[in-house]
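Tertiary structure, described
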Amino acid sequence: ATNERESYGANAGVSSVLGANFRYSLSPEYFREKGAFFTVIDESSTTLSMENVYVHTTLSWYSRKSGQSLVATLSNGISNLSYSKGPTFINRTNLAWNYNGFNLNASYQNGGFYLSESAYNYLYDNQSSIERWTMASGYHRMMFNNNLQGNAQIIYQADRFFGNTWSYNLQSNLNVSNFLE
């Protein structure tokens, strides 16, 4: 058996510049998803669905003088899951700061925005709620006349269902085409 999935969504929004350094956007969104999930453990198939209505808001600030930027993204609304007792509040909040190749990011999510993440919790632990914190920092640098790119990241995630995880990433890309000419 295979998993089947269908989804529908619609959104429309407005955005504007506020002064020289500020921007905002506001976008209401409707999202509906249905899926048949096959569980290997008991070899059964279950059809689940969700319907979400939420408002997605982004506020950003950029300083041309210092090169810093700050972005806050908020998504708040209601989710109706076929296997829950009624509509539930969903929230996803993200805050990011960038300066001279360095970035910090913190996010919080309460509730499922996609059926796959909500269904996994429900099918394997009979739990429909999702709560997770993610904190990340990274550094990006171009060197040697932009021929060498370096990236370093560290990410921590605290998830009520999956537990706590750390991930690290070091990456470099060398552009050899300039050396071959």
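Parameters at a glance
Residues numbered from 1 in each chain as written. Predicted model: local features only at pLDDT ≥ 70, side-chain atom pairs only at ≥ 80, totals over all residues. Heavy atoms only, no water. Core = buried A, V, L, I, M, F, W, Y, C linked by side-chain atoms within 4.5 Å. Buried < 20%, exposed > 50% of the residue type's maximum accessible area, 1.4 Å probe, protein only. Contact = heavy atoms within 4.5 Å. Phe/Tyr/Trp six-rings, centres within 6.5 Å; stacked < 30°, edge-to-face > 60°. Helix = DSSP H or I, 4+ residues; strand = E, 2+ residues; numbered from the N terminus. Lys NZ or Arg CZ within 6 Å of the ring centre and 35° of its normal. Salt bridge = Lys/Arg side-chain N within 4 Å of Asp/Glu carboxyl O.

Moving on, we get to the nonpolar core. With seven residues, the main nonpolar core is built from Phe37, Leu48, Met50, Leu81, Tyr83, Leu115 and Ala119. Apart from residues lying up to four places away in sequence, Ala119 is in contact with Phe37, Leu48 and Tyr83.

Enumeration according to the criterion identifies seven aromatic pairs in this entry. Residues Tyr54 and Phe113 carry aromatic rings whose centres are separated by 5.0 Å and whose planes lie at 80° to one another, so their mutual orientation is edge-to-face. With Tyr54 in strand β4 (residues 44-62) and Phe113 in the loop between β7 (102-110) and α1 (115-125), the pair connects residues that are 59 residues apart, well separated along the chain. The pair Tyr54 / Phe113 is uniform in exposure class, with both members buried. If you follow Arg92 out to its NZ or CZ, it ends over the ring of Phe113, 3.9 Å from the centre.

Evaluation of the coordinates by the stated rule reveals two salt bridges. Measuring nitrogen to oxygen at the nearest pair gives 3.8 Å for the salt bridge that ties Glu131 to Arg160. Of this pair, Glu131 sits in strand β8 (residues 131-143) while Arg160 sits in the loop between β9 (148-159) and β10 (163-174), and the two are 29 residues apart along the sequence. For Arg160, a relative accessible area of 48% translates into the label partly exposed. The salt bridge involving Asp159 is made with Arg132; its shortest N-O contact spans 2.9 Å. Residue Asp159 is found in strand β9, and its partner Arg132 is found in strand β8; the two are separated by 27 residues along the sequence. For Arg132, a relative accessible area of 15% corresponds to the buried category.

Read these as spatial facts, not as claims about activity.
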